[in-house]
Amino acid sequence: MTHSARRIGRTLALVLPVVLVLSGTLAVTRVPWVAGTPESQMLTASAEDVSTKAKSRAPQDILRDRLLVELQEKDPGTALTHLQREVERRPSLAKHCMNIARALGRAAVTHYGPTRAQSYSRPVCDTSFASGVANHHN
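Residues numbered from 1 in each chain as written. Predicted model: local features only at pLDDT ≥ 70, side-chain atom pairs only at ≥ 80, totals over all residues. Heavy atoms only, no water.

A few words now on the overall build of the protein chain. Counting its regular elements, the protein chain contains seven helices and zero strands. Taken from the N to the C terminus, the helices and strands of the protein chain come in the order α-α-α-α-α-α-α. Out of the 138 residues belonging to the protein chain, those deemed buried represent 25%. If you take every contact in the protein chain between residues at least 6 apart in sequence, the share linking residues at least 24 apart comes to 58%. Accessible surface, the protein chain: about 10000 Å² in total, of which carbon and sulfur atoms supply 59%. (Helix = DSSP H or I, 4+ residues; strand = E, 2+ residues; numbered from the N terminus. Buried < 20%, exposed > 50% of the residue type's maximum accessible area, 1.4 Å probe, protein only. Contact = heavy atoms within 4.5 Å. Areas by Shrake-Rupley, 256 points an atom, 1.4 Å probe, with all protein chains shown as cover.)

Written out as structure tokens, the structure is:
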């Protein structure tokens, strides 16, 4: 009797994890992630483009987003100083400096208002920050 109990126990020890994994996988294949049609709620286990890599973000986009956060958390002057330092440190970003500074100017107007945003203007990237402030204000 002990021998058959051991045999049943070993069989369960091998089969039970497989059954639990499969049942768990099947349980999450249909989850209401968003409201809508039943087809949009189906979570499929295999996607067609699994082998494609996620798009990496360009360094200028990463820098712009980081400086926009810094502008809101600190002030536009700090963000402009860090922009200037990054362009000096990485000259390849110089061609994107004007666009980043303009984006900072627009964000400064939104966050601080046109008068206060203009007070932070300085000649970083050919006064593009001031251009962003002026264009967003009008």
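Now that the structure is up, let's keep going.
For the protein chain, the mean per-residue pLDDT works out to 79, and 70% of the residues sit at or above 70. Here helix α2 (residues 38-41) stands out as the element of the protein chain with the lowest mean pLDDT, 51, in contrast to helix α3 (residues 59-73), whose mean of 94 is the highest. (pLDDT = per-residue confidence, 0-100.)

Next up on the list: the packing of helix α4 (residues 76-89) against helix α5 (residues 97-112). Put simply, α4 and α5 touch, their axes get as near as 11 Å, and they point 170° apart. Classed by the angle they form, the pair α4 and α5 counts as roughly antiparallel. Across from P76, A79, L80, L83 and V87 in α4, the residues of α5 making contact are C97, I100, A101, L104, A108 and Y112. Tallied by class, residues from the contact of α4 with α5 come to eleven nonpolar, no polar and no charged. (Axes fitted to C-alpha atoms, helices over the stretch in contact; angles between N-to-C directions. Parallel < 35°, antiparallel > 145°, perpendicular 65-115°, else oblique. Nonpolar A, V, L, I, M, F, W, Y, C, P; charged D, E, K, R; others polar.)

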